[in-house]
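Here is how the chains run, residue by residue.
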Amino acid sequence: MIRFPEGFLWGAATSAYQIEGAASADGRRPSVWDVFAHTPGKTFHGQTGDIACDHYRRWEQDLDLMAELGLKAYRFSIAWTRTTHEDGRPNQRGLDFYRRLAEGLRDRGIVPFATLYHFDLPQSVEDKGGWLNRDTAYRLAEHAQVVTGALKDTVDHWMTINEAYVESFLGYATGELSPGHQDTGEALAAAHHLLLGHGLSAQTIREGNAGKVGLATSLSPVHPMTQAPADVAAARLVDGVNNRLFLDAIFKGTYPTDVQERYADLRPGFTVVQDRDMEVISTPLDFFGLNFYYGRTVTGTDGDLPSGWAETPLSTPVERDLGARDVVRTDQETTVMGWPITPNVFTEILCRFKTDFADIPVYITENGVSLHDQVSPEGVVHDPERIDFLTLHLNAIHNAIAEGVQVKGYLTWSLMDNFEWAQGYGPRFGLTYVDFGTQRRIPKTSFHWYRDVIARNGLNPPLARPHEPDQEEAKQHG
Ligand code: IFM
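Residues numbered from 1 in each chain as written. Predicted model: local features only at pLDDT ≥ 70, side-chain atom pairs only at ≥ 80, totals over all residues. Heavy atoms only, no water.

Asks: Which parts of the structure should I look at to understand the packing of aromatic side chains?
Replies: Aromatic rings in a pair are described by how distant their centres are and how their planes are angled relative to each other. This structure, assessed with the given rule, holds 37 aromatic pairs. Between Phe251 and Phe353, the ring centres sit 5.3 Å apart and the planes meet at 75 degrees, which makes this aromatic pair edge-to-face. On the criterion of sequence distance, the pair formed by Phe251 in helix H10 (residues 229-252) and Phe353 in helix H14 (residues 346-357) is long-range, its members being 102 residues apart. Of the two residues examined, Phe251 and Phe353, each falls in the buried class. Three or more aromatic residues joined by ring pairs make a cluster, and in this case those are Tyr17, Trp33, Phe36, Phe119, Phe419, Trp421, Tyr425 and Phe436. (Phe/Tyr/Trp six-rings, centres within 6.5 Å; stacked < 30°, edge-to-face > 60°. Helix = DSSP H or I, 4+ residues; strand = E, 2+ residues; numbered from the N terminus. Buried < 20%, exposed > 50% of the residue type's maximum accessible area, 1.4 Å probe, protein only.)

Asks: Could you clarify how one ought to interpret the nonpolar core in this entry?
Replies: Most often, soluble globular proteins keep nonpolar side chains buried together rather than apart. Residues Trp33, Trp158, Phe169, Phe251, Leu350, Ile397 and Tyr450 are the most contacted members of the largest nonpolar core, which totals 135 residues. No other element matches the 11 residues that H10 contributes to this core. Counting 17 residues, the second largest nonpolar core, distinct from the first, contains Leu9, Ala216, Phe287 and Leu411. (Core = buried A, V, L, I, M, F, W, Y, C linked by side-chain atoms within 4.5 Å.)

Asks: Hey, could you run me through the pairing of strand E6 (residues 212-218) in this one?
Replies: On any regular strand, side chains alternate: one points to one face of the sheet, the next to the other face. Where burial is concerned, most of E6 is hidden: 6 out of the 7 residues are buried. Of the pairings in the sheet, the one linking strand E5 (residues 157-162) to E6 comprises 4 bridges and is parallel in character. Looking across to E6, one finds that Asn162 is bridged to Ala216. (Pairing = 2+ DSSP bridges.)

Asks: Explanation requested: the packing of H14 against helix H15 (residues 384-402) in the structure shown.
Replies: Packed helices, taken two at a time, are described by the angle their axes make and the gap between the axes. It is at 8 Å that the axes of H14 and H15 come closest, and there the two elements cross at 35 degrees. Helix-helix and strand crossings are classified by hand; for H14 and H15 the assignment is right-handed. On H15, the residues touching Phe346, Thr347, Leu350 and Cys351 of H14 are His393, Ala396, Ile397, Asn399 and Ala400. Here the contact of H14 with H15 is built from residues that sort into 6 nonpolar, 3 polar and no charged. (Axes fitted to C-alpha atoms, helices over the stretch in contact; angles between N-to-C directions. Left-handed = near helix turned anticlockwise from the far one by under 90°. Contact = heavy atoms within 4.5 Å. Nonpolar A, V, L, I, M, F, W, Y, C, P; charged D, E, K, R; others polar.)

Put into C-alpha coordinates, the structure is as follows:
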(Lines give C-alpha, C1' and ligand atoms only; values in the text may rest on other atoms or scores of the structure.)
Protein backbone atom coordinates (compact mmCIF):
# COMPACT_ATOMS: atom_id res chain seq x y z
CA MET A 1 0.00 0.00 0.00
CA ILE A 2 1.38 3.39 -0.99
CA ARG A 3 0.23 6.08 1.43
CA PHE A 4 0.16 9.79 0.76
CA PRO A 5 0.95 12.40 3.41
CA GLU A 6 -1.75 13.27 5.90
CA GLY A 7 -3.98 16.04 4.54
CA PHE A 8 -3.03 15.38 0.90
CA LEU A 9 -5.67 17.14 -1.21
CA TRP A 10 -7.30 14.74 -3.63
CA GLY A 11 -9.20 16.59 -6.30
CA ALA A 12 -10.47 16.90 -9.82
CA ALA A 13 -10.36 19.77 -12.31
CA THR A 14 -12.46 21.35 -15.05
CA SER A 15 -12.67 24.70 -16.85
CA ALA A 16 -15.57 27.02 -17.59
CA TYR A 17 -15.92 26.89 -21.37
CA GLN A 18 -15.35 23.15 -21.41
CA ILE A 19 -18.28 22.31 -19.10
CA GLU A 20 -20.61 25.22 -18.40
CA GLY A 21 -22.67 25.73 -21.58
CA ALA A 22 -25.42 28.34 -21.00
CA ALA A 23 -23.58 30.54 -23.44
CA SER A 24 -25.78 33.59 -23.06
CA ALA A 25 -27.28 33.09 -19.59
CA ASP A 26 -27.27 35.87 -17.02
CA GLY A 27 -25.47 38.40 -19.19
CA ARG A 28 -22.58 36.19 -20.31
CA ARG A 29 -20.82 37.73 -23.31
CA PRO A 30 -19.12 35.85 -26.13
CA SER A 31 -15.56 34.67 -25.63
CA VAL A 32 -12.99 33.98 -28.32
CA TRP A 33 -13.95 30.32 -28.04
CA ASP A 34 -17.59 30.99 -28.90
CA VAL A 35 -16.40 32.71 -32.05
CA PHE A 36 -13.63 30.25 -32.91
CA ALA A 37 -15.77 27.14 -32.37
CA HIS A 38 -18.51 28.62 -34.54
CA THR A 39 -16.04 29.28 -37.35
CA PRO A 40 -16.29 26.46 -39.92
CA GLY A 41 -13.35 24.09 -39.91
CA LYS A 42 -11.88 25.07 -36.54
CA THR A 43 -13.19 22.25 -34.34
CA PHE A 44 -13.96 18.56 -34.78
CA HIS A 45 -17.29 18.33 -36.66
CA GLY A 46 -17.89 22.02 -35.92
CA GLN A 47 -18.63 21.20 -32.27
CA THR A 48 -18.92 24.05 -29.77
CA GLY A 49 -19.20 24.64 -26.01
CA ASP A 50 -22.71 26.17 -26.36
CA ILE A 51 -24.16 23.43 -24.17
CA ALA A 52 -21.14 21.32 -23.18
CA CYS A 53 -22.03 19.54 -19.88
CA ASP A 54 -24.71 22.12 -19.07
CA HIS A 55 -22.92 22.52 -15.76
CA TYR A 56 -24.14 26.12 -15.36
CA ARG A 57 -27.60 24.68 -14.79
CA ARG A 58 -26.66 21.29 -13.31
CA TRP A 59 -24.04 22.53 -10.86
CA GLU A 60 -25.81 21.16 -7.79
CA GLN A 61 -26.04 17.69 -9.25
CA ASP A 62 -22.35 17.96 -10.16
CA LEU A 63 -21.48 19.01 -6.62
CA ASP A 64 -23.25 15.91 -5.35
CA LEU A 65 -21.19 13.85 -7.78
CA MET A 66 -18.02 15.38 -6.31
CA ALA A 67 -19.23 14.58 -2.80
CA GLU A 68 -19.95 11.00 -3.85
CA LEU A 69 -16.42 10.78 -5.19
CA GLY A 70 -15.13 12.03 -1.85
CA LEU A 71 -13.18 14.94 -3.33
CA LYS A 72 -11.19 17.12 -0.97
CA ALA A 73 -10.52 19.82 -3.59
CA TYR A 74 -12.06 20.95 -6.87
CA ARG A 75 -10.43 23.15 -9.48
CA PHE A 76 -12.72 25.15 -11.72
CA SER A 77 -12.25 28.30 -13.78
CA ILE A 78 -14.18 31.53 -13.61
CA ALA A 79 -15.35 32.85 -16.98
CA TRP A 80 -14.28 36.45 -17.45
CA THR A 81 -17.23 36.75 -19.86
CA ARG A 82 -19.63 36.15 -16.96
CA THR A 83 -18.05 38.27 -14.23
CA THR A 84 -17.79 41.65 -15.92
CA HIS A 85 -19.68 43.67 -18.47
CA GLU A 86 -17.87 45.00 -21.51
CA ASP A 87 -17.09 48.29 -19.74
CA GLY A 88 -15.46 46.43 -16.83
CA ARG A 89 -18.37 46.80 -14.38
CA PRO A 90 -19.04 43.64 -12.34
CA ASN A 91 -21.85 41.38 -13.53
CA GLN A 92 -23.45 40.38 -10.26
CA ARG A 93 -25.46 37.52 -11.75
CA GLY A 94 -22.31 35.88 -13.08
CA LEU A 95 -20.45 36.40 -9.80
CA ASP A 96 -23.39 34.91 -7.91
CA PHE A 97 -23.06 31.69 -9.88
CA TYR A 98 -19.47 31.22 -8.73
CA ARG A 99 -20.43 32.14 -5.16
CA ARG A 100 -23.13 29.44 -5.16
CA LEU A 101 -20.60 26.98 -6.57
CA ALA A 102 -17.85 27.84 -4.06
CA GLU A 103 -20.22 27.81 -1.11
CA GLY A 104 -21.68 24.50 -2.30
CA LEU A 105 -18.16 23.09 -2.34
CA ARG A 106 -17.45 24.38 1.16
CA ASP A 107 -20.72 22.89 2.42
CA ARG A 108 -19.51 19.51 1.17
CA GLY A 109 -16.05 19.92 2.71
CA ILE A 110 -14.35 20.47 -0.67
CA VAL A 111 -11.66 23.17 -0.99
CA PRO A 112 -12.30 25.42 -4.02
CA PHE A 113 -9.30 26.11 -6.30
CA ALA A 114 -10.30 28.84 -8.75
CA THR A 115 -8.50 29.64 -12.00
CA LEU A 116 -9.14 33.20 -13.10
CA TYR A 117 -8.45 32.63 -16.77
CA HIS A 118 -8.51 29.43 -18.80
CA PHE A 119 -8.32 30.30 -22.54
CA ASP A 120 -11.73 32.07 -22.72
CA LEU A 121 -10.81 35.69 -23.47
CA PRO A 122 -13.82 37.97 -23.96
CA GLN A 123 -14.26 38.57 -27.69
CA SER A 124 -14.48 42.33 -26.99
CA VAL A 125 -10.92 42.17 -25.63
CA GLU A 126 -9.81 40.09 -28.61
CA ASP A 127 -11.27 42.75 -30.91
CA LYS A 128 -8.79 45.21 -29.40
CA GLY A 129 -5.84 42.95 -30.18
CA GLY A 130 -6.20 40.15 -27.64
CA TRP A 131 -2.91 38.91 -26.22
CA LEU A 132 -0.94 40.87 -28.81
CA ASN A 133 -2.09 44.00 -27.03
CA ARG A 134 -0.28 44.81 -23.79
CA ASP A 135 -3.45 46.36 -22.45
CA THR A 136 -5.06 42.90 -22.20
CA ALA A 137 -2.73 42.09 -19.29
CA TYR A 138 -4.16 45.06 -17.36
CA ARG A 139 -7.73 44.08 -18.26
CA LEU A 140 -7.05 40.58 -16.87
CA ALA A 141 -5.86 42.11 -13.60
CA GLU A 142 -9.13 44.09 -13.44
CA HIS A 143 -11.11 40.87 -13.84
CA ALA A 144 -8.92 39.35 -11.10
CA GLN A 145 -9.70 42.27 -8.83
CA VAL A 146 -13.46 42.05 -9.40
CA VAL A 147 -13.56 38.30 -8.83
CA THR A 148 -11.21 37.99 -5.89
CA GLY A 149 -12.80 41.04 -4.23
CA ALA A 150 -16.23 39.42 -4.55
CA LEU A 151 -15.30 35.87 -3.57
CA LYS A 152 -12.33 36.02 -1.22
CA ASP A 153 -14.43 35.08 1.78
CA THR A 154 -15.20 31.73 0.17
CA VAL A 155 -12.27 30.96 -2.19
CA ASP A 156 -8.72 31.08 -0.88
CA HIS A 157 -6.69 29.26 -3.54
CA TRP A 158 -6.33 31.29 -6.72
CA MET A 159 -4.66 30.45 -9.98
CA THR A 160 -4.16 33.41 -12.28
CA ILE A 161 -3.81 31.77 -15.70
CA ASN A 162 -3.80 28.30 -17.20
CA GLU A 163 -1.04 26.95 -19.49
CA ALA A 164 0.49 30.07 -21.00
CA TYR A 165 2.61 27.87 -23.31
CA VAL A 166 -0.44 26.14 -24.78
CA GLU A 167 -2.43 29.33 -25.22
CA SER A 168 0.41 31.30 -26.81
CA PHE A 169 2.04 28.65 -29.00
CA LEU A 170 -1.05 26.64 -30.00
CA GLY A 171 -3.15 29.80 -30.32
CA TYR A 172 -0.66 32.06 -32.10
CA ALA A 173 1.96 29.82 -33.72
CA THR A 174 0.39 26.53 -34.78
CA GLY A 175 -3.12 27.97 -34.98
CA GLU A 176 -4.77 24.87 -33.56
CA LEU A 177 -6.45 26.83 -30.78
CA SER A 178 -8.12 30.24 -30.69
CA PRO A 179 -7.38 32.78 -32.08
CA GLY A 180 -5.84 30.51 -34.74
CA HIS A 181 -2.86 32.62 -35.83
CA GLN A 182 0.29 31.09 -37.32
CA ASP A 183 3.15 33.37 -36.40
CA THR A 184 5.82 32.47 -33.84
CA GLY A 185 6.77 36.13 -33.32
CA GLU A 186 3.19 36.72 -32.22
CA ALA A 187 3.25 33.65 -29.97
CA LEU A 188 6.21 35.10 -28.06
CA ALA A 189 4.48 38.47 -27.63
CA ALA A 190 1.28 36.71 -26.51
CA ALA A 191 3.28 34.61 -24.04
CA HIS A 192 4.87 37.73 -22.57
CA HIS A 193 1.53 39.52 -22.21
CA LEU A 194 -0.08 36.45 -20.65
CA LEU A 195 2.77 36.28 -18.15
CA LEU A 196 2.45 39.99 -17.48
CA GLY A 197 -1.29 39.48 -16.89
CA HIS A 198 -0.38 36.70 -14.49
CA GLY A 199 2.06 38.92 -12.56
CA LEU A 200 -0.34 41.87 -12.37
CA SER A 201 -3.17 39.59 -11.21
CA ALA A 202 -0.91 37.95 -8.61
CA GLN A 203 -0.10 41.42 -7.25
CA THR A 204 -3.79 42.31 -7.16
CA ILE A 205 -4.59 39.15 -5.20
CA ARG A 206 -1.79 39.88 -2.73
CA GLU A 207 -2.78 43.52 -2.28
CA GLY A 208 -6.39 42.47 -1.66
CA ASN A 209 -5.34 39.76 0.84
CA ALA A 210 -7.55 37.41 -1.14
CA GLY A 211 -5.72 34.18 -0.35
CA LYS A 212 -2.97 31.99 -1.75
CA VAL A 213 -1.68 32.72 -5.25
CA GLY A 214 -0.39 30.37 -7.90
CA LEU A 215 -0.87 29.56 -11.57
CA ALA A 216 -1.23 26.41 -13.63
CA THR A 217 1.58 25.63 -16.07
CA SER A 218 1.95 22.62 -18.33
CA LEU A 219 5.43 21.14 -18.24
CA SER A 220 6.85 18.41 -20.46
CA PRO A 221 10.33 17.05 -19.86
CA VAL A 222 12.16 16.91 -23.19
CA HIS A 223 14.74 14.23 -23.97
CA PRO A 224 16.92 13.74 -27.02
CA MET A 225 16.24 10.66 -29.16
CA THR A 226 19.98 9.84 -29.05
CA GLN A 227 23.07 11.44 -27.52
CA ALA A 228 24.10 12.82 -30.94
CA PRO A 229 24.86 16.55 -30.62
CA ALA A 230 22.03 17.53 -33.01
CA ASP A 231 19.44 15.67 -30.92
CA VAL A 232 20.81 17.02 -27.64
CA ALA A 233 20.75 20.59 -28.97
CA ALA A 234 17.20 20.19 -30.33
CA ALA A 235 15.97 18.81 -27.00
CA ARG A 236 17.54 21.71 -25.15
CA LEU A 237 15.83 24.26 -27.39
CA VAL A 238 12.41 22.59 -27.28
CA ASP A 239 12.76 22.45 -23.49
CA GLY A 240 13.59 26.18 -23.61
CA VAL A 241 10.37 27.02 -25.45
CA ASN A 242 8.02 24.56 -23.71
CA ASN A 243 9.34 24.87 -20.15
CA ARG A 244 12.11 27.36 -19.38
CA LEU A 245 10.54 30.30 -21.22
CA PHE A 246 7.79 30.23 -18.60
CA LEU A 247 9.59 28.88 -15.52
CA ASP A 248 12.58 31.20 -15.86
CA ALA A 249 10.27 34.19 -16.26
CA ILE A 250 8.06 33.29 -13.29
CA PHE A 251 10.76 32.12 -10.88
CA LYS A 252 13.91 33.92 -12.02
CA GLY A 253 12.56 37.06 -13.67
CA THR A 254 14.43 36.45 -16.95
CA TYR A 255 13.85 34.79 -20.30
CA PRO A 256 16.32 32.02 -21.20
CA THR A 257 19.16 33.39 -23.31
CA ASP A 258 19.19 30.47 -25.77
CA VAL A 259 15.51 31.05 -26.59
CA GLN A 260 16.04 34.82 -26.84
CA GLU A 261 18.95 34.28 -29.22
CA ARG A 262 17.08 31.74 -31.33
CA TYR A 263 14.13 34.10 -31.76
CA ALA A 264 16.07 37.38 -31.85
CA ASP A 265 14.92 38.22 -35.38
CA LEU A 266 11.24 37.57 -34.82
CA ARG A 267 8.81 40.47 -34.50
CA PRO A 268 7.08 41.43 -32.32
CA GLY A 269 8.67 38.65 -30.22
CA PHE A 270 10.71 39.85 -27.26
CA THR A 271 10.53 43.50 -28.39
CA VAL A 272 7.30 43.85 -26.37
CA VAL A 273 9.17 43.38 -23.05
CA GLN A 274 9.32 46.65 -21.10
CA ASP A 275 11.31 47.78 -18.07
CA ARG A 276 10.10 46.23 -14.82
CA ASP A 277 7.86 43.67 -16.56
CA MET A 278 10.05 40.81 -15.42
CA GLU A 279 9.85 42.02 -11.83
CA VAL A 280 6.04 41.92 -12.06
CA ILE A 281 6.04 38.50 -13.73
CA SER A 282 8.25 37.06 -11.00
CA THR A 283 6.00 38.19 -8.13
CA PRO A 284 6.53 35.49 -5.46
CA LEU A 285 3.93 32.70 -5.44
CA ASP A 286 2.47 30.63 -2.62
CA PHE A 287 2.17 27.50 -4.73
CA PHE A 288 2.80 26.14 -8.20
CA GLY A 289 0.15 24.33 -10.21
CA LEU A 290 1.73 21.73 -12.46
CA ASN A 291 -0.22 20.21 -15.34
CA PHE A 292 1.44 17.05 -16.61
CA TYR A 293 0.37 14.90 -19.54
CA TYR A 294 3.49 13.61 -21.30
CA GLY A 295 7.22 13.83 -21.76
CA ARG A 296 8.65 14.60 -25.18
CA THR A 297 11.48 13.01 -27.15
CA VAL A 298 12.97 14.98 -30.00
CA THR A 299 15.48 14.61 -32.75
CA GLY A 300 17.42 17.40 -34.41
CA THR A 301 18.04 15.46 -37.60
CA ASP A 302 15.88 15.41 -40.69
CA GLY A 303 15.40 12.59 -43.13
CA ASP A 304 14.42 9.04 -42.27
CA LEU A 305 14.16 8.10 -38.62
CA PRO A 306 16.08 5.08 -37.33
CA SER A 307 14.02 1.90 -37.34
CA GLY A 308 11.77 1.60 -34.30
CA TRP A 309 11.01 5.34 -34.18
CA ALA A 310 8.12 7.38 -35.59
CA GLU A 311 7.16 11.05 -35.65
CA THR A 312 4.26 12.11 -33.39
CA PRO A 313 1.42 14.64 -33.77
CA LEU A 314 3.31 16.80 -31.25
CA SER A 315 5.64 17.82 -34.10
CA THR A 316 4.31 21.12 -35.36
CA PRO A 317 5.76 23.92 -37.49
CA VAL A 318 7.09 25.41 -34.23
CA GLU A 319 9.32 22.41 -33.63
CA ARG A 320 10.28 22.26 -37.31
CA ASP A 321 11.29 25.95 -37.13
CA LEU A 322 13.60 25.00 -34.29
CA GLY A 323 15.03 22.18 -36.40
CA ALA A 324 13.35 19.58 -34.18
CA ARG A 325 10.84 16.77 -34.53
CA ASP A 326 8.91 14.96 -31.79
CA VAL A 327 9.35 11.23 -32.00
CA VAL A 328 8.30 8.11 -30.12
CA ARG A 329 9.38 4.52 -30.18
CA THR A 330 6.94 2.58 -32.33
CA ASP A 331 6.06 0.37 -29.38
CA GLN A 332 5.39 3.38 -27.13
CA GLU A 333 1.85 3.42 -25.73
CA THR A 334 -0.03 6.59 -26.65
CA THR A 335 -3.44 8.04 -25.83
CA VAL A 336 -6.22 8.52 -28.37
CA MET A 337 -4.80 12.01 -28.94
CA GLY A 338 -1.43 10.49 -29.83
CA TRP A 339 0.22 11.68 -26.62
CA PRO A 340 2.92 9.33 -25.31
CA ILE A 341 2.18 7.80 -21.90
CA THR A 342 5.31 8.57 -19.90
CA PRO A 343 4.85 8.36 -16.14
CA ASN A 344 8.58 7.63 -15.86
CA VAL A 345 9.49 11.27 -16.47
CA PHE A 346 6.87 12.76 -14.14
CA THR A 347 9.05 12.29 -11.04
CA GLU A 348 11.96 13.81 -12.94
CA ILE A 349 10.13 17.05 -13.82
CA LEU A 350 8.83 17.42 -10.27
CA CYS A 351 12.35 17.04 -8.84
CA ARG A 352 13.74 19.41 -11.44
CA PHE A 353 11.13 21.99 -10.51
CA LYS A 354 12.22 21.88 -6.88
CA THR A 355 15.94 21.91 -7.64
CA ASP A 356 16.08 24.42 -10.47
CA PHE A 357 13.12 26.72 -9.85
CA ALA A 358 11.38 26.77 -6.47
CA ASP A 359 11.01 24.64 -3.38
CA ILE A 360 7.41 25.68 -2.73
CA PRO A 361 4.16 23.72 -2.39
CA VAL A 362 3.12 22.09 -5.66
CA TYR A 363 -0.35 20.95 -6.65
CA ILE A 364 -0.78 18.72 -9.66
CA THR A 365 -3.54 20.83 -11.15
CA GLU A 366 -4.13 18.54 -14.16
CA ASN A 367 -3.18 15.00 -15.14
CA GLY A 368 -5.29 12.49 -17.00
CA VAL A 369 -5.79 10.48 -20.14
CA SER A 370 -8.05 10.73 -23.19
CA LEU A 371 -9.83 7.57 -24.25
CA HIS A 372 -12.75 6.67 -26.47
CA ASP A 373 -14.85 5.42 -23.55
CA GLN A 374 -18.11 3.66 -24.35
CA VAL A 375 -21.17 2.60 -22.40
CA SER A 376 -21.57 -1.18 -22.34
CA PRO A 377 -24.98 -2.78 -23.02
CA GLU A 378 -25.25 -3.15 -19.22
CA GLY A 379 -24.87 0.62 -18.87
CA VAL A 380 -21.33 0.46 -17.43
CA VAL A 381 -18.26 2.42 -18.58
CA HIS A 382 -15.24 0.25 -18.00
CA ASP A 383 -11.95 2.19 -18.33
CA PRO A 384 -9.08 0.06 -16.93
CA GLU A 385 -6.58 2.00 -19.09
CA ARG A 386 -7.43 5.16 -17.14
CA ILE A 387 -6.93 3.34 -13.84
CA ASP A 388 -3.52 2.14 -15.07
CA PHE A 389 -2.58 5.64 -16.24
CA LEU A 390 -3.56 7.27 -12.97
CA THR A 391 -1.93 4.55 -10.86
CA LEU A 392 1.38 4.95 -12.67
CA HIS A 393 1.27 8.74 -12.38
CA LEU A 394 0.34 8.64 -8.69
CA ASN A 395 3.28 6.32 -8.10
CA ALA A 396 5.52 8.86 -9.83
CA ILE A 397 4.20 11.63 -7.57
CA HIS A 398 4.74 9.49 -4.52
CA ASN A 399 8.36 8.98 -5.58
CA ALA A 400 8.79 12.75 -5.96
CA ILE A 401 7.39 13.31 -2.47
CA ALA A 402 9.92 10.78 -1.18
CA GLU A 403 12.61 12.90 -2.89
CA GLY A 404 11.44 15.92 -0.90
CA VAL A 405 9.23 17.68 -3.46
CA GLN A 406 6.40 19.42 -1.64
CA VAL A 407 3.48 17.94 -3.58
CA LYS A 408 0.41 18.85 -1.55
CA GLY A 409 -2.39 17.65 -3.76
CA TYR A 410 -3.49 16.03 -7.00
CA LEU A 411 -6.39 17.30 -9.11
CA THR A 412 -7.03 14.91 -11.93
CA TRP A 413 -8.24 16.03 -15.35
CA SER A 414 -11.13 15.69 -15.39
CA LEU A 415 -14.17 15.30 -13.18
CA MET A 416 -16.25 14.56 -16.27
CA ASP A 417 -15.97 14.27 -20.05
CA ASN A 418 -16.07 17.70 -21.64
CA PHE A 419 -15.36 19.89 -24.66
CA GLU A 420 -11.75 19.20 -25.62
CA TRP A 421 -11.19 22.46 -27.57
CA ALA A 422 -10.35 21.88 -31.25
CA GLN A 423 -11.02 18.16 -30.78
CA GLY A 424 -14.58 18.77 -29.62
CA TYR A 425 -16.29 15.89 -27.82
CA GLY A 426 -14.10 13.18 -29.38
CA PRO A 427 -11.50 12.45 -26.70
CA ARG A 428 -12.94 11.76 -23.25
CA PHE A 429 -10.90 12.67 -20.17
CA GLY A 430 -13.50 12.25 -17.41
CA LEU A 431 -13.87 9.99 -14.42
CA THR A 432 -17.54 10.45 -15.21
CA TYR A 433 -18.99 9.64 -18.61
CA VAL A 434 -21.27 12.36 -19.98
CA ASP A 435 -23.93 11.43 -22.50
CA PHE A 436 -23.99 14.74 -24.35
CA GLY A 437 -27.39 13.96 -25.86
CA THR A 438 -29.21 13.50 -22.54
CA GLN A 439 -26.66 15.06 -20.10
CA ARG A 440 -26.78 11.85 -18.10
CA ARG A 441 -23.66 11.38 -15.95
CA ILE A 442 -22.36 7.81 -15.54
CA PRO A 443 -19.47 7.31 -13.11
CA LYS A 444 -16.84 5.17 -14.88
CA THR A 445 -14.95 2.31 -13.24
CA SER A 446 -12.13 4.80 -12.64
CA PHE A 447 -14.52 6.98 -10.62
CA HIS A 448 -15.12 4.14 -8.17
CA TRP A 449 -11.43 3.31 -8.12
CA TYR A 450 -10.48 6.96 -7.42
CA ARG A 451 -13.07 7.13 -4.62
CA ASP A 452 -11.27 4.22 -2.94
CA VAL A 453 -7.88 5.85 -3.43
CA ILE A 454 -9.17 9.01 -1.76
CA ALA A 455 -10.83 7.11 1.06
CA ARG A 456 -7.61 5.18 1.76
CA ASN A 457 -5.33 8.15 1.07
CA GLY A 458 -3.25 5.78 -1.00
CA LEU A 459 -3.15 3.02 -3.57
CA ASN A 460 -2.16 -0.55 -4.06
CA PRO A 461 0.83 -0.88 -6.36
CA PRO A 462 1.80 -1.67 -8.95
CA LEU A 463 -1.42 -1.69 -11.02
CA ALA A 464 -4.99 -1.85 -9.85
CA ARG A 465 -6.16 -3.57 -13.04
CA PRO A 466 -6.36 -7.33 -12.61
CA HIS A 467 -3.70 -8.93 -14.76
CA GLU A 468 -5.13 -10.12 -18.07
CA PRO A 469 -3.06 -13.00 -19.42
CA ASP A 470 -2.04 -12.61 -23.05
CA GLN A 471 -2.77 -15.40 -25.53
CA GLU A 472 0.64 -17.00 -25.07
CA GLU A 473 0.30 -17.11 -21.29
CA ALA A 474 -3.29 -18.29 -21.54
CA LYS A 475 -2.11 -21.22 -23.71
CA GLN A 476 0.62 -22.06 -21.18
CA HIS A 477 -1.89 -22.04 -18.35
CA GLY A 478 -4.53 -23.60 -20.46
O1 IFM B 1 -8.63 20.02 -21.75
C2 IFM B 1 -7.35 20.55 -21.58
C3 IFM B 1 -7.36 21.68 -20.57
O4 IFM B 1 -8.24 22.69 -20.92
C5 IFM B 1 -5.98 22.28 -20.46
N6 IFM B 1 -4.99 21.27 -20.23
C7 IFM B 1 -4.99 20.11 -21.05
C8 IFM B 1 -6.39 19.50 -21.09
C9 IFM B 1 -6.37 18.26 -22.00
O10 IFM B 1 -5.98 18.61 -23.28
